[in-house]
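# Residue-level structural notes
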Amino acid sequence: MAAFLAPAPAISLLAFPPPPEKTSAPNTASEFNWQGSLKLLRGDPVAALADLDRAVQLDPSYAPAYVNRSYVYNQLRQPEEALADAERAIQLDPRIPEAYFSRGVAHLQLGDREAAMADFRQALALFSKSGNFANQAILQQLLRQLGVD
């Protein structure tokens, strides 16, 4: 199970479309979310957190920023904050599978295996509905490794 508490989750952070190409600094929640996601993927969670904080400040109803900030908090081993952001994202848009995945990772870090399994199953169902077979396969493998069919 320790492998699933690794800093970077296997599910893609870039589940949300990038903002239109532009050369100026970001100024919308979507643009800060995208920039923060890229910084996390490049291995700089602290810089990513600053961008994602800004995204949430600009638009507190923008669920993708909460999802990605939850990923950052999981990577920084701050599961309470990760859990809160994942729950906020789910409250705003319950159709985002990455939010359930991130909440599941936070639950694992907090030692709540049952809640984690429920979240992973929900993420799997949503990935299946959306046709995201890559993430569906990753979650199926994760569940098998955790001893859940």
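Attention here is on the structure that accompanies the text. (Residues numbered from 1 in each chain as written. Predicted model: local features only at pLDDT ≥ 70, side-chain atom pairs only at ≥ 80, totals over all residues. Heavy atoms only, no water.)

## Looking at the pattern of salt bridges
Note the following rule: Any Lys or Arg side-chain nitrogen located within 4 Å of an Asp or Glu carboxyl oxygen qualifies as a salt bridge. Per the convention used, a helix needs a DSSP run of H or I reaching at least four residues, while a strand needs a run of E reaching at least two, with both numbered from the N terminus. Between buried and exposed lies partly exposed: a residue is buried under 20% and exposed over 50% of the maximum accessible area for its type, with that area taken using a 1.4 Å probe on protein chains only.
For the structure shown, the criterion picks out five salt bridges. A salt bridge links R69 to D85; the nearest nitrogen and oxygen atoms lie 2.5 Å apart. Within this pair, whereas R69 is found in helix α3 (residues 63-75), its partner D85 is found in helix α4 (residues 79-92), the two being separated by 16 residues in sequence. Here R95 and D93 are joined by a salt bridge, their closest N and O atoms 2.9 Å apart. Relative accessible area serves as the criterion here: at 64%, R95 is assigned to the exposed category.

## Quick word on helix α5 (residues 97-109)
Our working definition: One less than the number of residues in a helix, times 1.5 Å, gives the span that helix is expected to have.
Taking 1.5 Å as the rise per residue, α5 with 13 residues should run 18 Å; its terminal C-alpha atoms sit 19 Å apart, in good agreement. A large share of α5 lies buried, amounting to 13 of its 13 residues.

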